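Each chain, written out:
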Amino acid sequence: QLKVVGVTGTHGKTTVARLLSSILRTAGRLTGTLDSFGYFDGDEDRPASAGALSAPALARSLAQKSGAGASHAVLEISSRELSQQVLAGVNLDAVCLTNIGRRHLDWYGSVEKYRQAQRRIFDYMHPDAVAILNADDPTSVAMLSELNQPALTYGMRLPAEISAEGIEQYINEQLFILSAGDDSVGVRTSLVGDHHIYNCLAAAAMALAYGIELPEIARGLEAVDHLPGRMERVMCGQDFAVLVDAADSPDALRVCLRAARSATGGRVICVYGSHDECDLTEYPAAGRVIGAMADVAVVTHGYPSDGSHRSCMELRTGFADVRKAQINV
């Protein structure tokens, strides 16, 4: 009754889920979304239910979507939720794996165990389901040999079925050419940075798998004018740009700072604060990224739940390795 799409990966899950939902709705498909922002039914956002997502809670949510007449549901699924079998009883009609990096080693203990957790999403695929993989991410595209289902790849550097070429990038928007086979279309999006072009490509690849034409895909992508905490602009009449991003890992910080650097001729000031669930083992690498790519770094706080200052000390270690940015802690 309901075509269920699963989106997982280290980075980009929420953005891809929202972009795909926008494309499906633009194409006339009544679509519900369940992601880290909460539940979106096409008219309003509602916060996620209190507590961790469970298999019964997901089943109830899907039943509500089906009862409301939805034809599609787009789910953001984390590696932890896959480990906890939140998808039990669900057959996925399509799966997107955005990328696999080094995350949550404090939870899994090793990179390989984390990768195995991400791979579990393929266990829930319907026999005729389509897998969408990032051709520029070696770990993800290596899974092509493990799949018996049809698959599509997307990318910007290596050969892929769906590709893109960046044309213009500014602090408030960027233009790129989206190509699939012999067809191409221009897309102007307010989501800035190459990482968001990849997110657009992932959503476009899934939409193409559902037979949606490129012009309609472009309209759906362009309809998303902002996403909270995803290179989100703060406009208060100032003569400089302010962007807010939820980046909380070295890789995410790198792509955000690279996008900010390429879109401005002035200084890049990084104001960084962590949260209780951040992996302390990533702090030295985060410090190195910020120290190398920002002109000024301001660390607002970085205290784990035990109240210690270890996270700030770990960041200092990374800063000391680079010694480029002016550091204020």
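Check the entry above for the structure.
Calculation rules
- Residues numbered from 1 in each chain as written.
- Predicted model: local features only at pLDDT ≥ 70, side-chain atom pairs only at ≥ 80, totals over all residues.
- Heavy atoms only, no water.
- Helix = DSSP H or I, 4+ residues; strand = E, 2+ residues; numbered from the N terminus.
- Buried < 20%, exposed > 50% of the residue type's maximum accessible area, 1.4 Å probe, protein only.
- Contact = heavy atoms within 4.5 Å.
- Areas by Shrake-Rupley, 256 points an atom, 1.4 Å probe, with all protein chains shown as cover.
- Core = buried A, V, L, I, M, F, W, Y, C linked by side-chain atoms within 4.5 Å.
- Pairing = 2+ DSSP bridges.
- Salt bridge = Lys/Arg side-chain N within 4 Å of Asp/Glu carboxyl O.
- Lys, Arg positive; Asp, Glu negative; His and termini not counted.
- Polar contact = N/O pair within 3.5 Å; in protein donor to acceptor, adjacent residues only side chain to side chain.
- Axes fitted to C-alpha atoms, helices over the stretch in contact; angles between N-to-C directions.
- Parallel < 35°, antiparallel > 145°, perpendicular 65-115°, else oblique.
- Left-handed = near helix turned anticlockwise from the far one by under 90°.

Participant: Explain the overall build of the protein residue by residue, including any values.
Facilitator: Helix and strand content of the protein: 11 helices and 16 strands. For the protein, the proportion of its 329 residues judged to be buried stands at 49%. Considering only residue pairs separated by 6 or more positions, the protein has 66% of its internal contacts joining residues 24 or more positions apart. Counting only carbon and sulfur atoms, one obtains 49% of the accessible surface of the protein, whose full area is about 15300 Å².

Participant: How would you sum up unusual backbone geometry? Please name residues and give values.
Facilitator: With phi around 55 degrees, Gln85 is a residue other than glycine that occupies positive phi space. Given the relative accessible area of 51%, Gln85 is considered exposed. Positive phi, close to 50 degrees, is recorded for Met231, a residue that is not glycine. Tracing the sequence through the fold places Met231 in the loop between α8 (214–222) and β12 (232–233). On the accessibility criterion, Met231 (5% relative accessible area) is buried.

Participant: Got a sec to walk through the nonpolar core? Specific residues and values, please.
Facilitator: Counting 42 residues, the largest nonpolar core has Leu20, Ile132, Ile162, Leu178, Met206, Ile217 and Leu221 as its most contacted members. Looking at this core element by element, the count peaks at 10 residues for helix α7 (residues 194–209). If near-sequence neighbours (up to four positions away) are discounted, Ile217 is found in contact with Ile23, Leu178, Ala204, Ala207, Leu208 and Ile212. With 30 residues, the next largest nonpolar core counts Val4, Leu97, Phe122 and Ala129 among its residues.

Participant: I'd like a description of the pairing of strand β7 (residues 125–134), backed by residues and values.
Facilitator: Within β7, seven of the 10 residues are buried, which leaves the element mostly enclosed by the surrounding structure. The sheet contact formed by strand β6 (residues 92–97) and β7 spans five bridges and is parallel. Counted as the bridge partner of Leu92 is Met125 from β7. Note: β7 against strand β8 (residues 151–155), four bridges, orientation parallel. When the sheet's bridge partners are listed, Ile132 is paired in β8 with Leu152.

Participant: Give me the pattern of salt bridges: which residues, what numbers.
Facilitator: Per the counting criterion, the structure on display carries six salt bridges. In this structure, Arg188 and Glu173 form a salt bridge, with 3.0 Å as the shortest nitrogen-oxygen distance. One end of the pair, Arg188, is in strand β11 (residues 183–189); the other, Glu173, is in the loop between β9 (162–169) and β10 (174–180), and 15 residues separate them in sequence. Classification of Arg188 by relative accessible area gives partly exposed; the value is 37%. Among the ionic contacts, a cluster of salt bridges with common partners joins Glu112, Arg119 and Glu146.

Participant: Can you tell me about the side chain of Asp136, naming the residues and giving the values?
Facilitator: As for its placement among the helices and strands, Asp136 is situated in the loop between β7 and α6 (138–141). Salt bridges are absent for the buried Asp136, whose nearest opposite-charge side chain, Arg157, sits at 4.4 Å. Among the polar contacts made by the side chain of Asp136, one reaches the main-chain amide nitrogen of Arg157 at a distance of 2.9 Å. Leaving out residues up to four positions away in the same chain, Asp136 has contacts with Tyr154, Gly155, Met156, Arg157, Leu158 and Tyr198.

Participant: Describe the side chain of Ser249, naming the residues involved and giving the relevant values.
Facilitator: Tracing the backbone shows Ser249 in the loop between β13 (243–244) and α9 (250–262). Polar side-chain contacts of Ser249 include one of 3.2 Å to the backbone nitrogen of Ala252.

Participant: Can you tell me about the packing of helix α1 (residues 13–26) against α7, naming the residues and giving the values?
Facilitator: The geometry of a pair of packed helices is captured by two quantities: the angle between their axes and the separation between those axes. Relative orientation of the contacting elements α1 and α7 amounts to 45 degrees, with a least axis distance of 9 Å. Compared by their axis directions, α1 and α7 come out oblique. Read as a crossing pair, α1 and α7 show a hand that is right-handed. Here Thr15, Val16, Leu19, Leu20 and Ile23 of α1 come into contact with α7, specifically with His196, Asn199, Cys200, Ala202, Ala203, Ala204, Met206 and Ala207.

On their own, these measurements won't tell you what the molecule is for.
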